[in-house]
Amino acid sequence: MARIVLGIAGSPRRQGNTETLLDWVLAAAQESGAEVVKIRLRQLNIRGCVACEGCLDDGACVQRDDMQELYPHLREADSIVLAAPIFSMGMAAQAKAMVDRCQPFWAIKYVLRQRVVPEGRPERRGAYLCAAGTTFDDVFDGARQVADYFFHVLEAKKIGELLCPGVDAKGEILDFEGAREVAADLGRRLADESSGEG
Ligand SMILES: Cc1cc2nc3c(=O)[nH]c(=O)nc-3n(C[C@H](O)[C@H](O)[C@H](O)COP(=O)(O)O)c2cc1C
């Protein structure tokens, strides 16, 4: 069966650098036979977690906003690609809010002691795409930890990442050497139906 690859565009900038990276990944995944779902966070109303702890009881979020649309996709996808730029040395707020709202998955795992992914499903895969305007050595460190946490809590194995420093103005990603090839390779691996890579 074709794998479902969920792509999350986490930048407020329409067709910016990270969304371009995401599109390259998703195009390769689709060409490899995957079913692709793309969600643009800037089009959704996702509020911050309010720390009400409601999800600790039943693994569900009490807030009624567009995150409710996203939860089933996050649970059902076979592969998840998170694309979000560096803002203020961390993950852009739209994407970070979405990650914080994954607290119900944390509750399912660590409080309710259940699996996020039902038994018998192929192992899930994740990939992280990022761009930053500067080339500081540590510019990706904070956001990368958040992305690692996101995949961990969703029970997805991160199979790769594409971090592009020194990419600032819209479209500069087109000149980032090798990015298109690395993105395409990630897309193919996320779509791969064999369970070997997991
Ligand atoms: C509000 C804001 C904050 C930013 N903060 C940083 C930063 O701390 N470090 C950095 O290297 N780039 C920073 N940038 C630059 C972006 O990371 C860069 O423009 C990136 O290519 C944007 O990707 P996008 O087109 O997908 O939105 C910032 C940009 C904005 C708009």
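Report follows, based on the coordinates. All values derive from a computational prediction rather than experimental measurement. (Residues numbered from 1 in each chain as written. Predicted model: local features only at pLDDT ≥ 70, side-chain atom pairs only at ≥ 80, totals over all residues.)

Backbone hydrogen bonds hold the strands of a sheet together, and the pairing may be parallel or antiparallel. The parallel open sheet is built from five strands, whose spatial order is S2-S1-S3-S6-S7. A single partner strand is all that each edge strand has here, and the edge strands are strand S2 (35-40) and strand S7 (156-164). For this sheet, the mean angle separating the axes of adjacent strands, direction not counted, is 15 degrees. The strands touched by helix H7 (residues 179-191) are strand S1 (4-9), strand S3 (79-83), strand S6 (124-131) and S7; relative to S7, the strand with the most contacts, the crossing angle is about 170 degrees. (Pairing = 2+ DSSP bridges. Helix = DSSP H or I, 4+ residues; strand = E, 2+ residues; numbered from the N terminus. Axes fitted to C-alpha atoms, helices over the stretch in contact; angles between N-to-C directions. Contact = placed C-beta atoms within 7 Å.)

Next up on the list: the site of the ligand. Around the ligand, 19 residues are found, and the nearest of them are Gly 16, Thr 18, Pro 85, Gly 133 and Thr 134. Mapped onto the shell around the ligand, the elements with two or more residues apiece are helix H1 (17-31) and strand S4 (86-87). Of the residues contributing to the shell around the ligand, the split by class is eight nonpolar, seven polar and four charged. (Near = placed C-beta within 6 Å. Nonpolar A, V, L, I, M, F, W, Y, C, P; charged D, E, K, R; others polar.)

Let us look at the pairing of S2. Two faces, one strand: in a regular strand the side chains alternate between the faces of the sheet. In the sheet, S1 pairs with S2 via six bridges, with the strands oriented parallel. Bridged to Ile 4 within S2 is Glu 35. A crossover links S1 with its parallel partner S2, the connecting element being H1, and its sense is right-handed. (Right-handed = clockwise from strand over helix to strand, strands pointing away.)

Let us now look at the nonpolar core. Grouped together as the largest cluster of nonpolar side chains are 57 residues, with contacts concentrated most on Val 5, Leu 21, Val 25, Val 81, Leu 82, Leu 129 and Cys 130. Looking at this core element by element, the count peaks at seven residues for H1. Setting aside anything within four residues of it in sequence, one finds Cys 130 in contact with Thr 18, Ala 84, Pro 85, Ile 86, Phe 140, Ala 143, Leu 163 and Cys 164. (Core = buried A, V, L, I, M, F, W, Y, C linked by C-beta atoms within 7 Å. Buried ≥ 20, exposed ≤ 12 C-beta atoms within 10 Å, placed from the backbone.)

Moving on, we get to the environment of Ile 39. Looking at where Ile 39 falls in the secondary structure, it is placed in strand S2. In sequence terms Ile 39 and His 73 are 34 residues apart; their C-alpha atoms lie 9.5 Å from each other. Non-local contacts of Ile 39, meaning those with residues more than four positions away in its chain, are made with Ile 8, Ala 9, Leu 70 and His 73.

The next subject is unusual backbone geometry. With a phi angle near 55 degrees, Ala 51 is a residue other than glycine that sits in the positive phi range. Mapped onto the elements, Ala 51 comes out in the loop between S2 and helix H2 (55-58). On the basis of neighbour count, Ala 51 is assigned to the exposed category, with 8 C-beta atoms found within 10 Å. Positive phi is not limited to glycine here, since Glu 155 has a value of about 55 degrees. Secondary-structure assignment places Glu 155 in the loop between helix H6 (141-153) and S7. Glu 155 gets classed as partly exposed once you count the C-beta atoms within 10 Å, which come to 17.

What follows covers the packing of H1 against H7. Where H1 contacts H7, the two axes come as close as 7 Å, and the packing angle between them is 45 degrees. With respect to each other, H1 and H7 are oriented oblique. For the element pair H1 and H7, the recorded crossing hand is right-handed. Where H1 approaches H7, its residues Leu 21, Trp 24, Val 25, Leu 26, Ala 27, Ala 28 and Ala 29 are matched on the opposing element by Ala 179, Arg 180, Ala 183, Ala 184, Leu 186, Gly 187, Arg 188, Leu 190 and Ala 191. The class makeup of the residues in the contact of H1 with H7 is 13 nonpolar, one polar and two charged. (Parallel < 35°, antiparallel > 145°, perpendicular 65-115°, else oblique. Left-handed = near helix turned anticlockwise from the far one by under 90°.)

Coordinates in, geometry out; function isn't part of it.
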